[in-house]
Amino acid sequence: MRSAISIVASLLAFAFTNVASAADLKIGVTLPLTGFAASYGEDAKRGAELAVDQANSSGGVNGDQIKLIVEDDGGVGKAGVAATQKLVGVDKVPVIVGGMMSSVGLPASQIARENKVVYLSTMSSHPDLTSPGGFIYRLAGSDTSVGKTEVDFGLKVLKSKTAAGLFAQTDYGTTNGKLVREAFEKDGGKWLATDNFKEGATDFRSQLAKFKALNPDAMFIVATHKEAAQLFRQMTELNFKPQIIGTSMLDDPAIFELAGDTANGVHLATSKAESTPAGEKMRADFQAAFKAKYGKDPGITALYFYDATHLAIDAIKAVGPSGPAIDKWIGAVKNYPGVTASITFTPIGDAVIPTTIKKIENSKFVDTGFAE
Amino acid sequence: MVPQLLVNSIVSGAIYALLAFGFTITYGTLNFFNMAHGAAFTVGAYLFYVFRTLVGLPLAGAAALAVTGTALLMVLVDLVAYARLRARHAPSWAMVVSSIGVAIFIEAVISLIFGSDTLSLRRGEVRPGLPILGAIITPNQIVILATAAALVAVLTAYLRMTRAGKALRAMANDAEMGIVIGINPRSTYMSTFALASGLAAIAGCLVALETDVYPTMGQSALLRAIVASIIGGIGNIPGAVLGGLVLGCVENFGVWQLNSGWQDGISLTLLLIFMLIRQSRSYVLGK
């Protein structure tokens, strides 16, 4: 018995020394692995891990391996703050990839900035996320531009005169809802009603009954693919068929399986990927590598976390694991090749990304060609 | 719109009633808030997914196996997590803490096995529902209503007419007296767990048919079960059924006038009101 314990102890010691020696170049990641957004988190984690695996298998950074430290932020602010504080204070990472949800990105990015750690926000689109002061960068489009594109498409292309909105009760959902409504009314549309639902909701029938009575031409929604799948199915069952315009949260192939045919005809605003041959090739390579490793197609979160992690690795390669140096390097990138888009940041850290509208047809995303 | 809201209310109310039924008899018999009641709901839904989608059994067979499996599992959980506490006459809060542990454990195991992704049981094309009296009702909703109504009828008969049912009610009323007059507490506790978790599993299967399955689905189910039980007077079986229906109505009609983000707020306000009312009277009505 005693010898068994000593064997276990030495194995443990060995395991820990191994971890310690490989932990030289750390990149922190926070994403939701539990809670309402967990299925996005799984895919995002795969994207980030793929970027690290590719870098490590091609020699790492001057022979040093990169280690990803993944923390669960649950998609909510409180857990996101705790996870970020752990990465900053305990792991002392120079750069954090996170901010899938605005609720996490808003507080977490401030903690990173105060500690001179670079915060690469992936999909948070809250307008308040970025501000002068460095250290905070956003890869996705800000709500202000995405909302405007959604409204322009609704008014100009779909010729919708009246609209209603159903938004998740999150920072993202309420902000997008407010911006869309303001833009729609400003450009001459008639806004009929807004409603919000608690994240993770599965039953929308009573809200839909309310909207159906108002009969809007278009409905703007902010919902995860899980929520949207229920929503679309229940709309079909209630025989309520307005034009639907959603956001990049629907840009995930999982929606086809969950919603089936009921997702057909839905429009969604998402970032416009690079359409140059080099960009196309990079995306195709990524898709193939992802499918080979995980046996499924990547959702939009995987793309963003791949790009952000890739950017962090390249920054460490170029200037070493120091927050301020990485901040300087990332702030200066021009047309950095990414699978989401070619990345250049504005002085306050917003990626300059055109937004495009995609349509779901026969369980496929089809580009409508409408972009701003 | 009112007929539609009424249909929605009754359908969600039927699910809440099944959940509250089990929650309330567990409280009555074992005298503790079983925080793992939502876990039985989740297990039922996942077993249903396994037998229906992975094994490919027909609907009724898959549901029967899922419900039996959940009931057996929860009887086992009783032996592991509660029976020893009971034997030591542990206070009620110790049982509650133990049940919170069970709930977290089960949720984590489900996430480990199935992942946190949402799984869908739905197959085939989604069609518009049937228009009835100005409302639209789907075949699945009809199944939910029929199942819930049949179960409530059968269970009421069981509790009133059979020996085991009477024993269960007697224990719920006064456990010590029940033991004195010769009721076997062990078998009553076991049948309570089997019945309560079986009902939660049936609710899980019905919800799985309607929506999808995911590991945290039991959390809101538990909240609804608690609220409905308290509205009906905890321990009171007809009260729990009525409480479920009232909760369904309040939630769905509340959405009509208020922003639906307030849905949980509405049910919790209702809970608060009923707790205040009941505190001034006898807390447990059914006894």
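Check the entry above for the structure.
Attention in this report is confined to the structure presented alongside it. (Residues numbered from 1 in each chain as written. Chains lettered and ligands numbered in written order. Predicted model: local features only at pLDDT ≥ 70, side-chain atom pairs only at ≥ 80, totals over all residues. Heavy atoms only, no water.)

The subject of this paragraph is the packing of helix H1 (residues 2–30) of chain B against helix H6 (residues 163–173) of chain B. All names here are of chain B. The interhelical angle for the contact between H1 and H6, taken along N-to-C directions, is 65°, at an axis separation of 6 Å. For H1 against H6, the interelement crossing comes out left-handed. On the side of H1, the interface is formed by Ile25, Gly28 and Thr29, while H6 contributes Leu168, Met171 and Ala172. Counted by class, the contact of H1 with H6 contains four nonpolar, two polar and no charged residues. (Axes fitted to C-alpha atoms, helices over the stretch in contact; angles between N-to-C directions. Helix = DSSP H or I, 4+ residues; strand = E, 2+ residues; numbered from the N terminus. Left-handed = near helix turned anticlockwise from the far one by under 90°. Contact = heavy atoms within 4.5 Å. Nonpolar A, V, L, I, M, F, W, Y, C, P; charged D, E, K, R; others polar.)

Here the focus is the sheet that holds strand E6 (residues 162–168) of chain A. Residue and element names in this part refer to chain A. Read from one edge to the other, the open sheet built from seven strands follows the order E7-E6-E8-E9-E10-E13-E14, with strand pairing classed as mixed. Looking along the sheet, the strands with just one partner apiece sit at the ends: strand E7 (190–197) and strand E14 (364–371). Within this sheet the neighbouring strands show an average axis-to-axis angle of 25°, counted without direction. (Pairing = 2+ DSSP bridges.)

Turning next to the interface of chain A and chain B. Every contact between the two is made by 29 residues of chain A and, on the other side, 29 residues of chain B. Carbon and sulfur atoms supply 49% of the area that chain A and chain B bury against each other, a total of about 2700 Å² over both sides. Viewed at the interface, chain B and chain A are joined by three salt bridges. A salt bridge links A:Arg233 to B:Asp212, with the shortest nitrogen-to-oxygen separation between them at 3.1 Å. Between the two partners, chain A and chain B, sit 12 residue pairs in polar contact (both at pLDDT 80 or more). For the side of chain A that touches chain B, the secondary structure elements donating two or more residues are helix H2 (38–57), E7, helix H7 (205–214) and helix H8 (225–237) of chain A. If you tally residues by element for the side of chain A that touches chain B, the top one is H7(A), at seven residues. (Buried area = accessible area lost by both parts, 1.4 Å probe. Salt bridge = Lys/Arg side-chain N within 4 Å of Asp/Glu carboxyl O. Polar contact = N/O pair within 3.5 Å; in protein donor to acceptor, adjacent residues only side chain to side chain.)

Let us look at the pairing of strand E10 (residues 267–271) of chain A. Residues and elements named next belong to chain A. Among the five residues in E10, five count as buried, and that is most of the element. One ladder, built from two bridges, connects strand E9 (residues 243–246) with E10; its direction is parallel. Note on E10: the bridge partner recorded for Gly246 is Leu268. Once you follow E9 into helix H9 (residues 254–259) and on to E10, the crossover reads as right-handed. In terms of strand pairing, E10 meets strand E13 (residues 355–361) through five bridges, oriented antiparallel. Each residue of the ladder has a partner; that of Ser271, found in E13, is Thr355. (Buried < 20%, exposed > 50% of the residue type's maximum accessible area, 1.4 Å probe, protein only. Right-handed = clockwise from strand over helix to strand, strands pointing away.)

Right, let's talk about the packing of aromatic side chains for a bit. A complete count under the given rule lists 16 aromatic pairs over all chains for this structure. Aromatic side chains B:Phe32 and B:Tyr82 sit 5.1 Å apart centroid to centroid with 55° between the ring planes, which places their arrangement in the tilted category. Here B:Phe32, found in the loop between H1 and helix H2 (37–54), pairs with B:Tyr82, found in helix H3 (residues 59–87); they are 50 residues apart in sequence, far enough to count as distant. Take B:Phe32 and B:Tyr82: they sit in the same class, and that class is buried. Summarising the aromatic geometry, the rings of B:Tyr46 and B:Phe114 are spaced 4.8 Å apart at their centres and angled 45° between planes, so their arrangement reads as tilted. Here B:Tyr46, found in helix H2, pairs with B:Phe114, found in helix H4 (residues 92–114); they are 68 residues apart in sequence, far enough to count as distant. Its relative accessible area of 2% is what places B:Tyr46 among the buried residues. Put simply, the rings of A:Phe286, A:Phe290, A:Tyr294 and A:Tyr306 touch in pairs and so form one group of aromatic residues. One cation-aromatic arrangement involves A:Arg46 over A:Tyr294; the distance from NZ or CZ to the ring centre is 6.0 Å. Across the ring face of B:Tyr214, the terminal group of A:Lys226 is positioned such that the distance to the ring centre comes to 4.5 Å. (Phe/Tyr/Trp six-rings, centres within 6.5 Å; stacked < 30°, edge-to-face > 60°. Lys NZ or Arg CZ within 6 Å of the ring centre and 35° of its normal.)

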